Structure formats: structure tokens, C-alpha cells
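Below, each chain spelled out in residue letters.
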Amino acid sequence: MKTLLRALLAGLLLLVLAGWLGSPLGAKLLPAAGAWMAWVEPAFSVLRLEGQSRPEGDRVRMQVALAQPVFTGERVVMPHPRGHAWAQVPAAQVWQGPVLLLWVLLAWPLARGGAELLGRLALALPVLAVWMLLDTPLVLLAEVWKLLLQADPEPALKALVLWSDLLRGGGRLGLPLLAGAAVVLAVHAINLRARSKPGWPSSVRRL
């Protein structure tokens, strides 16, 4: 019962924080996301990356142009001065993975109280950063690739498109949950190893 209550409270807290901090924090992350996308896919020139408010829900949208010829399978698409493409995703999608990952960290029972929770959060920071890079930026790039590939009679396989399809097929739910569980188990293993080291004061081992 305590675990269920903790899980419910953690979920409510994270949803409130995501709704409150999501838009301003996402706006600050957009420049870094644009630089990352230009490095991942140099064939695309990111002209605009912005958040947009709409009655049906906020969006993150991107405008790109081709920076060089690209092969889509049997065809070659050449850059054109007026050849621009748009892609967009729901803004809520940006925070779906991080919320699920943090939910696992907060809902999982603690063996050592606050010290263990701090360890989980510290270890989760790089995992969250990697997830943010691998989710929305790559999905936006994949949407542009889909536009290019759908006109080719024998479209090539693109890793970005396969990754996007994986996320849309349930990976955006399952992978963050697995990552959160991995962080919890890693911190637990680190704590066990630290407590078992000879020469450590017993008061430290009991923290």
C-alpha cells in the first residue's frame, strides 16, 4: 500500500512540475537541440526550431532545408533555395520519457532513505540528458526523412526512421521505465559494494 501511495503521489508531483516547467525549460533547450540535430544530420540545415501554442495543444516544430544532395533509394534529391520542409511533434512528448524515468526513481521503495534517493537522481542526470537528445530531436529529423522517402519507389532504410518508429511503437513508454529500473538497481549495487568494503566505519556503512 505504501508503494502504491508513493507511486501515485510521485506521478501527480511530476505531472504538475512538467506542466509548470515544461514550456520555459523546453524553450531554453531548443538552441542546444538545434546544434545537436545539425551534427547528427548534416544534410539538413535547421532554419527554425521553436515552440508553438495551438488550441489543440502545444507543439515543437522545425523548418529545414537541404544543405546537400541526399539519396533516398533510387533517387537523388537536390537542394533548392525555396525547398523547405516542416516537421512537428506534440510538446508533451518531449517530457513523457523524463517523467516516466523520474517516476520510477521516486516510486521505487527506498532501502536507505534520502541518501539513496539522492544517489538515484545523481546517476539519472546523464541518463536524462542522453534521452532528451535521442527522443524529440531525432524524431523531428526522422519526420523530414519520411517526407523524402515516401516519394521514392524503393526507399532506403534510414536508422533515424527506424528509431522513430520504435519510439512511436511503444519505446517511448518502455525504454524510460527500463532506464529508471536500471538506475535504481545500479545505485543499489553501488551501495551494497560500498557497505561491504573492509575498513569502512560502521556508521558510514549504515547510511
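All values reported here derive from a predicted model rather than from experimental measurement.

What counts, and at which threshold
Residues numbered from 1 in each chain as written. Predicted model: local features only at pLDDT ≥ 70, side-chain atom pairs only at ≥ 80, totals over all residues. Heavy atoms only, no water. Helix = DSSP H or I, 4+ residues; strand = E, 2+ residues; numbered from the N terminus. Polar contact = N/O pair within 3.5 Å; in protein donor to acceptor, adjacent residues only side chain to side chain. Phe/Tyr/Trp six-rings, centres within 6.5 Å; stacked < 30°, edge-to-face > 60°. Lys NZ or Arg CZ within 6 Å of the ring centre and 35° of its normal. Core = buried A, V, L, I, M, F, W, Y, C linked by side-chain atoms within 4.5 Å. Buried < 20%, exposed > 50% of the residue type's maximum accessible area, 1.4 Å probe, protein only. Contact = heavy atoms within 4.5 Å. Axes fitted to C-alpha atoms, helices over the stretch in contact; angles between N-to-C directions. Parallel < 35°, antiparallel > 145°, perpendicular 65-115°, else oblique. Left-handed = near helix turned anticlockwise from the far one by under 90°. Nonpolar A, V, L, I, M, F, W, Y, C, P; charged D, E, K, R; others polar. pLDDT = per-residue confidence, 0-100. Expected span 1.5 Å × (residues − 1). Bend = angle between axes of the 7 residues up to and from the residue.

**Digging into the side chain of Q63**
Logical step 1: Relative to the assigned elements, Q63 resides in strand β2 (residues 59-66).
Logical step 2: In terms of polar contacts, Q63 uses its side chain to reach the side chain of H84, at 3.3 Å.

**Section: the packing of aromatic side chains**
Logical step 1: Applying the stated criterion across every chain, the model contains two aromatic pairs.
Logical step 2: Geometrically, the ring pair formed by F44 and W145 is tilted, given 5.5 Å between the ring centres and 45° between the ring planes. Remark: W145 occurs in helix α4 (residues 136-149) and F44 occurs in strand β1 (residues 44-52); sequence separation between them is 101 residues.
Logical step 3: Between K158 and the ring centre of W145, over which it is positioned, the NZ or CZ distance is 4.4 Å.

**Some thoughts on the nonpolar core**
Logical step 1: Within the largest apolar cluster, 31 residues are counted, with the highest numbers of intra-cluster contacts made by F44, L49, M62, L140 and W145.
Logical step 2: Those elements that place two or more of their residues in this core are α1 (2-40), β1, β2, β5 (84-90), α2 (91-107), α4 and α5 (159-196).
Logical step 3: The element that contributes the greatest number of residues to this core is α4, accounting for nine residues.
Logical step 4: For L140, the residues in contact, after removing those within four places along its chain, are M37, L49, V60, M62, A87, Q88 and V89.

**Digging into the packing of helix α3 (residues 114-134) against α5**
Logical step 1: Put simply, α3 and α5 touch, their axes get as near as 9 Å, and they point 155° apart. In terms of their interaxial angle, α3 and α5 are classed as roughly antiparallel. The crossing of α3 and α5 is right-handed. Here E116, G119, R120, L123, A124, V127, W131 and L134 of α3 come into contact with α5, specifically with W163, L167, G171, R172, L175, P176, A179, V183, V184, A186, V187 and N191.
Logical step 2: Residues belonging to the contact of α3 with α5 are distributed by class as follows: 14 nonpolar, three polar and three charged.

**Thoughts on the confidence of the model for the protein chain**
Logical step 1: On average, residues of the protein chain score 86 in pLDDT, and 92% of them are at 70 or above.
Logical step 2: Long-range and interchain partners of residues 202-207, a stretch whose pLDDT sits below 50, account for five contacts in this model, where long-range means more than four residues apart.

**Structural notes on the environment of A182**
Logical step 1: Positionally, A182 belongs in helix α5.
Logical step 2: Assessed through its relative accessible area of 44%, A182 is described here as partly exposed.
Logical step 3: Note: C-alpha distance between A182 and L105 (77 residues apart in sequence) is 9.8 Å.

**Regarding α2**
Logical step 1: Between its terminal C-alpha atoms α2 stretches 25 Å, which fits the 24 Å expected from 17 residues at 1.5 Å a residue.
Logical step 2: In α2, a bend of some 25° at G97 exceeds every other bend along the element, and P98, a proline, comes one to four places later.
Logical step 3: Among all positions in α2, only Q93, V94, W95, G97, P98, V99, L100, L101, V104, L105 and A107 are buried.

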